[in-house]
Amino acid sequence: MAINKLTITLFLLISLAVFHCLAFRVEVQEFEPPRQEGQEGPGGGSGEGWDEEATKNPYHFGQWSFKNFFQSKDGFVKMLPKFTKRSSTLFRGIENYRFLFQEMQPNTFLVPHHLDADYVFLVVQGKGVIGFVTDTANESFQITKGDVVRVPSSVTHFFANTNGTVPLRLAKIAVPANVPGHFQVFFPAHSGFHQSYFNGFSKDVLTASFNIPEELLGRLIRGPQQEVGQGIIRRVSPEQIKELTEHEHATSPSNKHKDKKDKHKDKDRSTFGSPFNLLTQDAIYSNNFGRYHEAHPKRFSQLQDLDIAVGWVNMTQGSLFLPQYNSETTFVTFVENGCARYEMASPYTFQGEQQQPWFGPGQEEEVEEEMSGQVHKIVSRVCKGEVFILPAGHPFAILSQDENFVAVGFGIHASNSTRTFLAGQDNMLSNINTVATRLSFGLGSKMAEKLFTSQNYSHFAPTTPSHQFPEKPKPSFQSVFNLVGF
């Protein structure tokens, strides 16, 4: 009897120990530390079920790759780390560019500031006002979805979201002026944890410079007491929004009631980045499956000296942006809506997120790589809020998936670049004569003719075979009458 009691006791103790072990294991799994910035999960950061190649994509930046410059309940400004932190070799050509994203809640104001960097932004959602301030001018412009604006380096400016219900969302590309790949933001007024740049001066210098009482001097450096803790993006009243909007109408270039004496002023206003709308420009590629708009630096003076193009692609569900490449432009692409699979052919091999170098010990990165002859398929599922890079010369294709896919991009080194399509009715390969095609691909004459000429669409195409043949228009009453002899 005692033996049975001992056996039961031991069994209970073992069961209790196993239970504690399992509970500890569950607790560890449940509270697993989050991924660090820059780490990506299956599929390059999004989706499931992708092959191993997809986890080694250095060109895909998931949402966790962003670092918050500022964040509060009223909005945020976040930025991708310097591209060369991901790979010093792959992104050397865009080392001096930084991608940012800004979102402001309805009826909010981003305080005046300037950057030691030029930047271009595209409004991807909402509407608002941007104001520019220099020592000779104070101009404001209304901005709305599709607007592109150039902000010159060190020009003080502010933003307001004038919409009472919809957030204002801006995608930005910055070109630092001082330190390659790095820039700073300067605020004249104290805002939360961001000090005024007047903190960089002594009291004597400030007193002599402004000739103001000490009380006002303290207000200049520290800001009003009631604003301590307030961030750079802050909630404002509808009345204040109305004032900003009215001021915009008084100075906007769209104001038709201008005096002839203001012509010289209008010319100068373009230096402030007077906005133009990308979506009102004719799409350069368009059919039932997608549209692509692009502002090229040769056409828009605001983009010319920065050598940046701005693009907007909108694809229907299940459509394909046909294989193509850009000769000199590298596109930094931000997903605004939906998800897509993008595929790219690359000669580079990777270890995790880093490039696997081809040069041996003692050789410098500048040494020209030998031709390996290998092509690696880079595949990622990219979704809203993520960024992917399309390097110059690399063939790529984009396949929209569960819903309509919208992405915006900034093309770096765009002035002399050309886009070459590898499939579709006007693809480059169809211009190779039949003999060269036959010899290159080992085909007979008839097959060589069909290889690059069978696609019925240009630029965008359906992925469903039944959609490959455009529907013939139904005969009109007039054509029926013609048929029967009327």
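Residues numbered from 1 in each chain as written. Predicted model: local features only at pLDDT ≥ 70, side-chain atom pairs only at ≥ 80, totals over all residues. Heavy atoms only, no water.

A few words now on the overall build of the chain. Of regular secondary structure, the chain possesses 10 helices and 28 strands. Across the 486 residues of the chain, 45% fall into the buried class. Put simply, of all contacts in the chain between residues at least 6 apart along the chain, 77% involve residues at least 24 apart. About 26,800 Å² of surface is accessible on the chain, with carbon and sulfur atoms providing 55% of the total. (Helix = DSSP H or I, 4+ residues; strand = E, 2+ residues; numbered from the N terminus. Buried < 20%, exposed > 50% of the residue type's maximum accessible area, 1.4 Å probe, protein only. Contact = heavy atoms within 4.5 Å. Areas by Shrake-Rupley, 256 points an atom, 1.4 Å probe, with all protein chains shown as cover.)

A separate point is the layout of surface pockets. A volume near 300 Å³ is recorded for the largest pocket. Along its surface, the largest pocket is lined by 15 residues, and Thr-89, Leu-90, Phe-91, Gly-93 and Tyr-348 are the ones closest to its centre. In the lining of the largest pocket, the residues fall into eight nonpolar, five polar and two charged. (1 Å grid on protein atoms, 1.4 Å probe; cavity = no way out; pocket = protein on both sides within 12 Å on 5 of 7 lines; lining within 4 Å. Points joined across faces, edges and corners; volume = space filled by probe spheres on them. Nonpolar A, V, L, I, M, F, W, Y, C, P; charged D, E, K, R; others polar.)

Moving on to the sheet that holds strand β17 (residues 308-315). Across the sheet, which stays open at both edges, the seven strands sit in the order β1-β24-β19-β26-β17-β16-β15 with antiparallel pairing between neighbours. Sheet topology places β1 (60-61) and β15 (285-287) at the edges, where each strand pairs with a single neighbour. As paired elements, strand β16 (residues 290-295) and β17 share six bridges and run antiparallel to each other. Within β17, the residue paired with Tyr-292 across the bridge is Val-313. (Pairing = 2+ DSSP bridges.)

For strand β11 (residues 168-176), the buried fraction is high: nine of the nine residues fall into the buried class. Side chains of β11 alternate between two faces, with Leu-168, Leu-170, Lys-172, Ala-174 and Pro-176 and Arg-169, Ala-171, Ile-173 and Val-175 buried alike. Bridge analysis of strand β4 (residues 98-104) against β11 gives seven bridges, and the strand direction is antiparallel. Opposite Phe-99, over in β11, you have Ile-173 as the bridge partner. Across eight bridges, the pairing between strand β6 (residues 117-125) and β11 is antiparallel. Of the residues in β11, the one forming a bridge with Leu-122 is Ala-171.

Summary: where empty space remains is shown by rolling a probe the size of a single water molecule over the atoms. Considering all chains together, one arrives at two cavities of 30 Å³ or more under this definition. If you add up the space inside the largest cavity, you get close to 160 Å³. Around the largest cavity sit 16 residues that line it, and Tyr-292, Phe-321, Phe-331, Thr-333 and Leu-390 are the ones nearest its centre. Of all the secondary structure elements, the ones that give two or more residues to the lining of the largest cavity are β17, β18 (319-326), β19 (330-337), β25 (396-400) and β26 (405-412). Considered as a void within the structure, the second largest cavity measures approximately 140 Å³ in volume. Lining the second largest cavity are 13 residues, with Val-77, His-113, Leu-115, Lys-172 and Val-185 positioned closest to its centre. Among the elements that make up the lining of the second largest cavity, the one with the highest residue count is strand β5 (residues 108-115) (three residues). Classifying every residue of the lining of the second largest cavity by side-chain character gives 10 nonpolar, two polar and one charged.

It is worth spelling out the side chain of Gln-401 at this point. Considering the arrangement of structural elements, one finds Gln-401 in the loop between β25 and β26. Owing to a relative accessible area of 18%, Gln-401 belongs among the buried residues under this scheme. One polar contact links Gln-401 to Arg-381, side chain to side chain, over a distance of 2.5 Å. (Polar contact = N/O pair within 3.5 Å; in protein donor to acceptor, adjacent residues only side chain to side chain.)

What follows is about the state of the cysteines. Tallied over the entire structure, the rule returns one disulfide. Sulfur-sulfur distance for the disulfide between Cys-339 and Cys-383 comes to 2.0 Å. Between Cys-339 and Cys-383 the disulfide shows an S-S torsion of about 115 degrees. By sign, it is right-handed. Separated by 44 residues along the polypeptide, Cys-339 in strand β20 (residues 339-346) and Cys-383 in strand β23 (residues 376-383) bring together distant segments of the chain. Residue Cys-339 is classed as buried on the basis of its relative accessible area of 12%. (Disulfide = S-S within 2.5 Å.)

To continue, consider the sheet that holds strand β9 (residues 147-151). In space, the seven strands of this open sheet follow the order β2-β3-β4-β11-β6-β9-β14, with antiparallel pairing throughout. With partners counted over all chains shown, the strands left at the sheet margins are β2 (67-72) and β14 (276-277), one partner each.

Quick look at helix α4 (residues 214-222) now. Buried within α4 we find Leu-217, Gly-218 and Ile-221. For α4, the arc enclosing every buried residue in end-on projection is 100 degrees, short of the 170-degree limit, so these residues lie on one face. Against the buried residues of α4 lie α3 (203-210). (Arc of directions from axis to C-beta.)

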